[in-house]
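# Coordinate analysis (summary)
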Amino acid sequence: MNRQRLLILGSTGSVGTSTLDVVARHPERFEVVGLTSFRRVDLLFEQCRSFKPRVAVLPTEQRAAELRGLLAGAGLDTEVRVGAQALVELAGAAEVDSVMASIVGAAGLPACLAAARAGKRLLLANKEALVVGGALFMQAVKDGGATLLPIDSEHSAIFQCLPEDRNTWARRIDHIVLTASGGPFRQRRHDSLHGITPEQAVVHPNWVMGRKISVDSATMMNKALEVIEARWLFDLTPENIRVVVHPQSIIHSMVVCRDGSVLAQLGTPDMKVPIAYGLSFPERIESGAPRLDFMAMKDLSFEPPDRERFPGLYLAWDALRAPAGTTAILNAANEEAVSAFLSGTIGFTAIHSVNARTLDRLQPQLGASHGLDDLLDLDARARTEARQVMKALQP
Ligand code: NAD
Ligand code: MG
């Protein structure tokens, strides 16, 4: 069997390192040909030492020089390339079969599109890329003949509950139910939410993840992005995507079929399961994740998401019904607001105000063209607008 030649975009992140954990269990199946990072030169070097990729990518000459020095010292011949364009070229390169898209944020979109257009097997963790790219992203997958495999645990769950033949999905699905843990503040008093610190917000009860998605889980903007992601992955109307809070994170999502039957996928909350499924689809391989112990399991409970506590969640359906481009504005505003919250510039509850106000201000100006350049331009404008909104919020 030929080994799958794998590029991991964002290999030093939470999903990236979990992907390498799974890959390391199956050296006969996978060859790591490319690894990339934004900041972590030390970790990227360690990964190069273990997996001996042909290429590594960093964003600046300075970091690249640092990595080259470390590689030379260790006698490794990994070629180091620089910048966002290097990511795009590598994602579409002939020596790559599969691309794990695990960069965080809209910054991952151009490389995802390149992989899609080049017909790669595209493992998508980078939900923001699909939220921004929308129809353009899905068209690129179609035109390029790419195989798009969801890695987000909820979307992997839905995908695992559906037959391989996509043409049957519309006839089978009545609606889908995305589960949400409710994050760390599910039971915290509403009136104390404004005082939450970044340290409190990034501690998730069930999952260990990067800082941005951890804050998104605390506001439930992560679920909002996932509703938008599901709309594109499974070609659903907004009405057919529902969300339920399930604090134990054992059921990862559900498909409610036309006949009333409900299909669910269960497992311990560990990203190695959806990653292993993406890597091996349509087969299954050992993931290394701990197994569910039914005898030790307590209740599985469900509750509706609290609208007052999680107002950001409800922006998803509004944005999907609004003109195209709206979801790109929402994503950009949220990236800026979360980054400002993490650096201590705005409070926790201000994240939602920034998102809602940026949408209000920019939505009426939306144009009709949505190519990559238009979307990147819209993303940049929304970030500028969000920063202005934040300035106005300061006392
Ligand atoms: P992370 O912050 O841990 O890692 C992000 C990776 O992207 C790092 O390798 C970083 O170096 C790289 N990166 C960051 N900014 C970049 C930029 N501008 N250009 C190029 N590279 C950049 O994030 P994560 O938690 O691994 O999440 C990655 C993606 O997967 C996100 O879109 C997230 O929503 C999604 N996701 C994560 C999880 C999880 O459990 N962590 C689960 C589902 C989906
Ligand atoms: Mg998820």
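One can find the structure itself at the top, above this paragraph.
Residues numbered from 1 in each chain as written. Chains lettered and ligands numbered in written order. Predicted model: local features only at pLDDT ≥ 70, side-chain atom pairs only at ≥ 80, totals over all residues. Heavy atoms only, no water.

## Things to note about the overall build of the chain
- Counting its secondary structure elements, the chain contains 16 helices and eleven strands.
- What you see for the chain is a C-alpha radius of gyration of 20 Å, in line with the 21 Å of a compact globule of 395 residues.
- Taking the principal axes of the C-alpha coordinates as reference, the chain spans close to 55 × 50 × 45 Å.
- Looking at the chain as a whole, 56% of its 395 residues qualify as buried.
- Within the chain, residue pairs in contact and separated by at least 24 positions form 69% of the contacts whose partners lie at least 6 positions apart.
- Taken as a whole, the chain presents about 16900 Å² of accessible surface, with 51% of it coming from carbon and sulfur.
- Separation between the mean location of the 42 positive side-chain charges and that of the 44 negative ones in the chain comes to 1 Å. (Helix = DSSP H or I, 4+ residues; strand = E, 2+ residues; numbered from the N terminus. Rg over C-alpha atoms; globule rule 2.2 N^0.38 Å. Buried < 20%, exposed > 50% of the residue type's maximum accessible area, 1.4 Å probe, protein only. Contact = heavy atoms within 4.5 Å. Areas by Shrake-Rupley, 256 points an atom, 1.4 Å probe, with all protein chains shown as cover. Lys, Arg positive; Asp, Glu negative; His and termini not counted. Charge placed at Lys NZ, Arg CZ, Asp CG, Glu CD.)

## Brief notes about the coordination of the magnesium ion (ligand 2)
- Coordination of the magnesium ion (ligand 2) by the protein is provided by Asp-152 (OD), Glu-154 (OE) and Glu-226 (OE), with metal-donor distances spanning 2.1 to 2.2 Å.
- Look at Glu-154 and you get buried, because its relative accessible area is 8%. (Donors = N, O, S within 2.8 Å, 3.2 Å for Na, K, Ca; no water.)

## Observations concerning the environment of Ala-135
- Structurally, Ala-135 can be placed in helix α6 (residues 127–144).
- The exposure class assigned to Ala-135 is partly exposed, which follows from its relative accessible area of 47%.
- Note: C-alpha distance between Ala-135 and Trp-232 (97 residues apart in sequence) is 7.5 Å.

## A look at the packing of aromatic side chains
- Scanning all chains against the criterion turns up eight aromatic pairs.
- Plain terms: the ring middles of Tyr-314 and Trp-317 are 6.0 Å apart, the flat faces sit at 35° to each other, and that makes the pair tilted.
- For Tyr-314, a relative accessible area of 18% puts it in the buried group.
- With 5.6 Å between their ring centres and 65° between their planes, Phe-341 and Phe-348 make a pair best called edge-to-face. Phe-348 matches Phe-341 in its accessibility class, with the two residues each being buried. (Phe/Tyr/Trp six-rings, centres within 6.5 Å; stacked < 30°, edge-to-face > 60°.)

## Brief notes about the pattern of salt bridges
- Summed over all chains, the structure comprises 26 salt bridges.
- A salt bridge links Arg-309 to Asp-306; the nearest nitrogen and oxygen atoms lie 3.6 Å apart.
- The class of Asp-306 is partly exposed, set by a relative accessible area of 26%.
- Between Arg-381 and Asp-377 there is a salt bridge whose closest N-O contact spans 3.8 Å. You can see Arg-381 and its partner Asp-377 sitting in helix α16 (residues 372–393), four residues apart, about one turn around the helix.
- Taken together, the salt bridges that share partners define one network made up of Lys-127, Asp-152, Glu-154, Lys-223 and Glu-226. (Salt bridge = Lys/Arg side-chain N within 4 Å of Asp/Glu carboxyl O.)

## Observations regarding the site of ligand 1
- Every one of the 21 residues lining ligand 1 counts as a neighbour, but Thr-12, Ser-14, Val-15, Phe-38 and Glu-128 are closest to it.
- Within the contact set of ligand 1, an oxygen atom lies 3.5 Å away from a side-chain nitrogen or oxygen of Ser-37.
- The separation between an oxygen atom of ligand 1 and a polar main-chain atom of Phe-38 is 2.8 Å.
- Across the complex, the protein chains shield 86% of the 830 Å² of accessible surface that ligand 1 would expose by itself.
- For the shell around ligand 1, the secondary-structure elements that each account for two or more residues are α1 (14–24) and α6.
- Across the shell around ligand 1, the residue classes break down as nine nonpolar, nine polar and three charged. (Near = heavy atom within 4 Å. Polar contact = N/O pair within 3.5 Å; in protein donor to acceptor, adjacent residues only side chain to side chain. Nonpolar A, V, L, I, M, F, W, Y, C, P; charged D, E, K, R; others polar.)

## Some words on α16
- Taking 1.5 Å per residue as the helical rise, α16 with its 22 residues ought to reach 32 Å, and the 31 Å between its terminal C-alpha atoms agrees with that figure.
- Every buried residue of α16 is listed here: Leu-375, Leu-378, Asp-379, Ala-382, Arg-383, Glu-385, Ala-386, Val-389 and Met-390. (Expected span 1.5 Å × (residues − 1).)

## A word on the side chain of Glu-226
- Structurally, Glu-226 is set in helix α11 (residues 221–233).
- For Glu-226, a relative accessible area of 1% corresponds to the buried category.
- Setting aside residues no more than four positions away along its own chain, Glu-226 makes contact with Lys-127, Asp-152, Glu-154, His-155 and Leu-178.

## Remarks on the sheet that holds strand β7 (residues 147–150)
- Across the sheet, seven strands lie side by side as β4-β3-β2-β1-β5-β6-β7; this open sheet has parallel pairing. A strand with exactly one partner marks an edge of an open sheet, and here the two such strands are β4 (79–82) and β7. On average, adjacent strands in this sheet sit at an angle of 25° to one another, irrespective of strand direction.
- Looking at chain direction, strand β1 (residues 4–9) and strand β5 (residues 98–101) are connected through four bridges and run parallel. (Pairing = 2+ DSSP bridges. Axes fitted to C-alpha atoms, helices over the stretch in contact; angles between N-to-C directions.)

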